[in-house]
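Letter by letter, the chains look like this.
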Amino acid sequence: MAYSIQKALDCGLFSEVYVSSEDKEILEIAVTYGAKPLLRPLEISDDYATTQAVMCNAIQFLNLKEEWVCCLYATAPLLRLESLQEAFRMRQDSCYVFGAVEYDYSPFRAFKILENKNTMLFPQYFTKRSQDLEKIYHDAGQFYLAKAKTWQRRENIFEDSISLVLPALEVQDIDNLEDWQIAEMKYQILKNKGIL
């Protein structure tokens, strides 16, 4: 969380930085790093709470109307200031801007294992070389930028939006201990290269 707060404070884009949580200890820690606390209602504090619900709660609480609002995930230690700044330059009215990354291996080669047998999801691509398959991207899970009214009106962050494509080295989803260990390795590489 401290990395994300620091990036938000240092990027020069935001007039205020808030941390939304139902956990008072997390909010106290956020304040020590320079963020303002925003106590989140319990009904949008479980593992199924959507980003949009949390952002709409913050927008309503802060009485925002036409302002640009950025959701920056706490689990984004690899995010660079320059990426946030570039995303801000890319912004357009009524559109989300977020970080994306190319799949490291094409999902067109994906298969399921059903009853102990492999079944390709996209058998029409079996004969294509992997380097000839169309590039596909996914959300980098770092930040989402949009006007307050867009957050309130558009539930689907991904459709008709703008993506800032990030290098794979700067992206790591953190859902478990192994993800955290990979993020630590990537962080050290980026730090040694002077990128972070």
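Just so you know, these numbers come straight off a predicted model, no measurement behind them. (Residues numbered from 1 in each chain as written. Predicted model: local features only at pLDDT ≥ 70, side-chain atom pairs only at ≥ 80, totals over all residues. Heavy atoms only, no water.)

### What to know about the pairing of strand β5 (residues 111-114)
- Pairing analysis gives four bridges linking β5 to strand β6 (residues 117-120), with the strands arranged antiparallel. For Ile113, the partnering residue across the bridge sits in β6 and is Asn118.
- From the end of β5 to the start of β6, which pair antiparallel, there are two residues, and Glu115 there has a positive phi angle of about 50 degrees. (Pairing = 2+ DSSP bridges. Helix = DSSP H or I, 4+ residues; strand = E, 2+ residues; numbered from the N terminus.)

### With respect to the pattern of salt bridges
- Throughout the structure, instances matching the rule amount to ten salt bridges.
- Across the pair Glu16 and Lys36 runs a salt bridge whose closest N-O atoms are separated by 2.7 Å. With Glu16 in the loop between α1 (2-10) and β1 (18-21) and Lys36 in strand β2 (residues 36-39), this pair connects stretches of sequence that are 20 residues apart.
- Take Glu16: its relative accessible area is 42%, and that puts it in the partly exposed class.
- Note that Lys147 and Glu66 form a salt bridge whose closest N and O atoms lie 3.8 Å from each other. Note that Lys147 is positioned in strand β7 (residues 137-147) and Glu66 in the loop between α3 (51-62) and β3 (68-72), a separation of 81 residues in sequence.
- On the basis of relative accessible area, Lys147 is assigned to the buried category, the value being 14%.
- A single network of salt bridges, built from pairs that share partners, joins Glu66, Asp93, Lys147 and Lys149. (Salt bridge = Lys/Arg side-chain N within 4 Å of Asp/Glu carboxyl O. Buried < 20%, exposed > 50% of the residue type's maximum accessible area, 1.4 Å probe, protein only.)

### Describing the packing of aromatic side chains
- Under the counting rule described, the total for this entry stands at eight aromatic pairs.
- Ring centres 5.0 Å apart and planes at 80 degrees place the aromatic pair Tyr96 and Trp151 in the edge-to-face group. Of this pair, Tyr96 sits in the loop between α4 (81-90) and β4 (97-102) while Trp151 sits in helix α5 (residues 148-153), and the two are 55 residues apart along the sequence.
- Judged by its relative accessible area of 0%, Trp151 falls in the buried class. (Phe/Tyr/Trp six-rings, centres within 6.5 Å; stacked < 30°, edge-to-face > 60°.)

### Side note on the pairing of β4
- The element β4 is largely enclosed, with a buried count of five among its six residues.
- Where β4 meets β7, five bridges bridge the pair, whose relative direction is antiparallel. Note on β7: the bridge partner recorded for Glu102 is Tyr137.
- Pairing of β4 with strand β8 (residues 162-165) involves four bridges; the strand directions are parallel. Bridge pairing links Ala100 to Val165 in β8.

### Quick notes on the side chain of Ser21
- Secondary-structure assignment places Ser21 in strand β1.
- On the basis of relative accessibility, which here comes to 5%, the residue Ser21 falls in the buried class.
- A distance of 3.0 Å separates a polar atom in the side chain of Ser21 from the backbone nitrogen of Asp23.
- When neighbours within four sequence positions are excluded, Ser21 is seen to be in contact with Ile26, Leu27, Leu38, Leu39 and Arg40. (Polar contact = N/O pair within 3.5 Å; in protein donor to acceptor, adjacent residues only side chain to side chain. Contact = heavy atoms within 4.5 Å.)

### Here's the deal with unusual backbone geometry
- Positioned with a positive phi, Glu115 is a non-glycine residue whose angle comes to about 50 degrees.
- Note that Glu115 resides in the loop between β5 and β6.
- Here the phi dihedral of Asn116 falls at roughly 70 degrees; this positive angle occurs in a residue that is not glycine.
- Here Asn116 shows up in the loop between β5 and β6.

The values are spatial; any link to function lies outside them.
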